[in-house]
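Descriptive analysis of the structure
Given next are the chains, with one letter for each unit.
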Amino acid sequence: MLKVRNVTGAGKGVFELRLKLSVFCCFLPQVWKRELSLRRFILLLRRLLLFLSRMKHNKYVTIDGKTRIGLYIPGFPSAAFQTACRKFRQFEEKMPCTTVLVSVTSACPYHCRHCYQKFDRGPDVDIQVLTGVVRRLQEMGIAFFNIEGGEPFFAYERLRQICLVIDERSEIWINSTGAGMTLKRLRELKGLGVTAVMFSMHSPQAQAFNDFLGKDSAWDTMAEGVRLCHEAGLAVAFNTCLLREDFYNGTFENIMARAKEFKACYVQIIKPKPAGGWLENREHEFTASDIRLIKEKVNRYNLDKRFAGYPAISAQIMEEDPFVFGCTAGGTDRFYINAKGDLQPCEFLNISFGNIGADSFAEIYQTMRSCFPWGGENYLCESCSREIHYLYQENGLKSLPLTLELSKRIYTSWERGKAADLYEKLERLR
């Protein structure tokens, strides 16, 4: 039986002491072996402590004995957590990326209005090419693989092959609607190292949820998928894309209540982005007062002991704050490979640096990384969306992301803004 519990209050402090001691003991032998100088050992510890300080607003969650301090940070103790920590011992070059979102197929039975893949038309990339890149990514230091579709269970053999080539050095989560799930498949995936399945829940009401996804059976399919995951011993999480009014009319609170009923460990709140189906939509902007309200609500659920039994919340509005992480796209800490094989800075930024089925992965990855030297204060998916939409229409394109040539017009002229506070301070520790 899967055991999930929240770590709150004084328990967080006790856990942090244990975590710090373990990390200290993990890297100290490298000083004795002269693999790490004493000076860099101290800098490494300072970097890790700085990173941990930006996690204080989170509710920690223990899943089967492994505690995570953030949604995309592998559980501790684990080999995957150690992989994530090694990011901070890189001093000569850019610190490596640790998270990648991989789409294994564009096949999907639903028609979500907001889908950022709505115009990602084209055949799925050859699975042997994709598995080869995934192997390489793990060698490069990816600690967290987030695998999705379309609907990944509609291409189960492709999903299975990806999970097969990922070993314990990385953690695996899967995004799904529940369509195509079976207990046998979930048990097999758990045996291959999958930790959790994240479902979408954009409304707490079944009919509104079905309307949003464009299918009358969507809610029942999701609920059955949740039940199967619990039976298979996989953790359950939800993501939800909430509009401004949803934080004022009770929808947010009802989503949290539903997630608790479904025994979820996490709820990820996705900020509406002008991408894919919403590329031309400018109606979902949040004011400064809206953002303050949302942060207050998230902090209440994550930090107030009255809500200790609710799932932990990971909110993009908080993670993207310049004093937390800012924008970490482009391999600063995460990037995206779509089902066609396009290498994108993130799933919400509809540009491509190349296709792994046609181009050298090493070359297109380095081109992308050269455009993202740090985590920035400017959210490119928002600031560049108008030009992306203009180029999409002006050139009569039938699919996204933009072509290589048009994408280059975006990334050679954009304004990234200042480095986010965290990354600026991490870079100073050299």
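Residues numbered from 1 in each chain as written. Predicted model: local features only at pLDDT ≥ 70, side-chain atom pairs only at ≥ 80, totals over all residues. Heavy atoms only, no water.

Regarding the overall build of the protein
Which entries qualify depends on this criterion: Where helices and strands are cited, they refer to DSSP runs of H or I of at least four residues and of E of at least two residues respectively, numbered from the N terminus. Throughout, radius of gyration means the C-alpha value; the globule benchmark is 2.2 Å times the number of residues raised to the power 0.38. The criterion used for residue contact is that any of the two residues' heavy atoms lie within 4.5 Å.
Across its full length, the protein holds 16 helices and 12 strands. The C-alpha radius of gyration of the protein comes to 21 Å, within 12% of the 22 Å expected for a compact globule of 430 residues. For the C-alpha atoms alone, the extent of the protein along its principal axes is close to 60 × 50 × 45 Å. Expressed as a percentage of contacts within the protein between residues at least 6 apart in sequence, the contacts between residues at least 24 apart total 75%.

Remarks on the nonpolar core
Test applied: We define a nonpolar core as any set of buried Ala, Val, Leu, Ile, Met, Phe, Trp, Tyr and Cys residues linked to one another through side-chain atoms lying within 4.5 Å. Partly exposed residues are those whose accessible area sits between 20% and 50% of the maximum for their type, while under 20% is buried and over 50% is exposed, using a 1.4 Å probe and protein chains only.
Counting residues in hydrophobic clusters, the biggest one holds 107 residues, and the most contacted among them are Phe238, Phe335, Leu402 and Trp414. Per-element tally for this core: the top contributor is helix α8 (residues 218–232), with 7 residues. Every residue in contact with Trp414, bar those within four places of it in the chain, is listed here: Leu349, Ile351, Cys371, Phe372, Leu380 and Cys384. One finds Leu36, Leu43, Phe51 and Met95 within the second-largest nonpolar core, a separate group that totals 33 residues.

Concerning the layout of surface pockets
Once rolled over the atoms, a probe with the size of a water molecule shows which space is left empty. Formally: Using a 1 Å grid laid over the protein atoms alone, points where a 1.4 Å probe fits but cannot get out form a cavity; open sets with protein on both sides within 12 Å along at least 5 of 7 lines form a pocket; any residue with an atom within 4 Å of a point counts as lining. Grid points are joined across faces, edges and corners, and a volume is the space filled by probe spheres set on the points. Each domain's extent was defined by an automatic or database domain assignment.
Roughly 380 Å³ of volume is contained in the second largest pocket. Along the walls of the second largest pocket sit 21 residues, with Lys66, Glu171, Gly193, Val194 and Thr195 positioned nearest its centre. Elements with a minimum of two residues in the lining of the second largest pocket: β3 (66–68), α3 (79–86), β6 (171–176) and β7 (194–200). Both of domain 1 (4–88) and domain 2 (89–429) provide at least three residues apiece to the lining of the second largest pocket.

Digging into the pairing of strand β11 (residues 334–337)
As a reminder of what qualifies: When DSSP locates at least two bridges between a pair of strands, those strands are taken to pair.
Side chains Arg334 and Tyr336 of β11 all project onto a buried face; the interleaved residues Phe335 and Ile337 project onto the opposite face, where all are buried too. The pairing of strand β4 (residues 99–103) with β11 spans 4 bridges and is classified as parallel. Among the inter-strand pairings, Thr99 is bridged to a residue of β11, identified as Arg334. Summarising the sheet, β11 and strand β12 (residues 343–344) pair through 2 bridges and their orientation is antiparallel. Bridge pairing in β12 links Ile337 to Leu343.

Considering the domain arrangement of the protein
What counts here: Values labelled buried area give the accessible surface lost by two parts on being combined, using a 1.4 Å probe and summing over both. When a carboxyl oxygen of Asp or Glu lies within 4 Å of a side-chain nitrogen of Lys or Arg, that pair is called a salt bridge.
Domain assignment breaks the protein into domain 1 (4–88) and domain 2 (89–429). With centres defined by C-alpha atoms, the gap from domain 1 to domain 2 works out at 24 Å. In this assembly, 39 residues from domain 1 lie in contact with 49 residues from domain 2. Around 3,700 Å² of area is buried between domain 1 and domain 2 when both sides are counted, 60% of it from carbon and sulfur atoms. On the domain 1 side of the contact with domain 2, Arg47, Tyr72 and Lys87 bury the most area, a combined 22% of that side's loss. Scanning the region where domain 1 abuts domain 2 turns up 5 salt bridges.

Quick notes on helix α4 (residues 127–140)
So the rule is basically this: One fewer than the residue count of a helix, multiplied by 1.5 Å, yields its expected span. In this context, the arc is that of the directions from the helix axis out to the C-beta atoms. Two N or O atoms form a polar contact when they lie within 3.5 Å of each other; inside protein one atom must be a possible hydrogen donor and the other a possible acceptor, and for residues adjacent in sequence the pair counts only when both atoms belong to side chains.
Across its 14 residues, α4 extends 20 Å between first and last C-alpha, which sits within 8% of the 20 Å expected from 1.5 Å per residue. Along α4, the residues classified as buried are Ile127, Leu130, Thr131, Val133, Val134, Leu137 and Gln138. Taken down its axis, α4 places every buried residue within 160° of arc, on the same side. Within α4, the exposed residues directed more than 90 degrees away from the buried face are Gln128 and Glu139. Buried residues belonging to α4 abut β4, β5 (144–148), α5 (156–164), β11 and α12 (361–370). The distance from a side-chain oxygen at the start of α4 to the backbone nitrogen of Gln128 is 2.8 Å, and the residue carrying that oxygen is Asp126. Of the residues flanking the end of α4, it is Gly141, one or two places downstream, whose phi is positive at about 110°.

Some points on the pairing of strand β8 (residues 235–241)
Convention followed: Whether a crossover is right-handed comes down to one check: with the strands pointing away from the viewer, does the path from the first strand over the helix to the second run clockwise; if it does, it is right-handed.
Burial analysis of β8 places 7 of its 7 residues in the buried class, the great majority of the element. Along β8, one buried face is formed by Ala235, Ala237, Asn239 and Cys241 and the opposite face, lined by Val236, Phe238 and Thr240, is buried too. Pairing analysis gives 5 bridges linking β7 to β8, with the strands arranged parallel. Among the inter-strand pairings, Ala196 is bridged to a residue of β8, identified as Ala235. As paired strands, β8 and strand β9 (residues 266–270) are joined by 5 bridges and run parallel to one another. Looking across to β9, one finds that Cys241 is bridged to Ile270. One crossover worth recording links β8 to the parallel β9 by way of helix α9 (residues 251–261), and it is right-handed.

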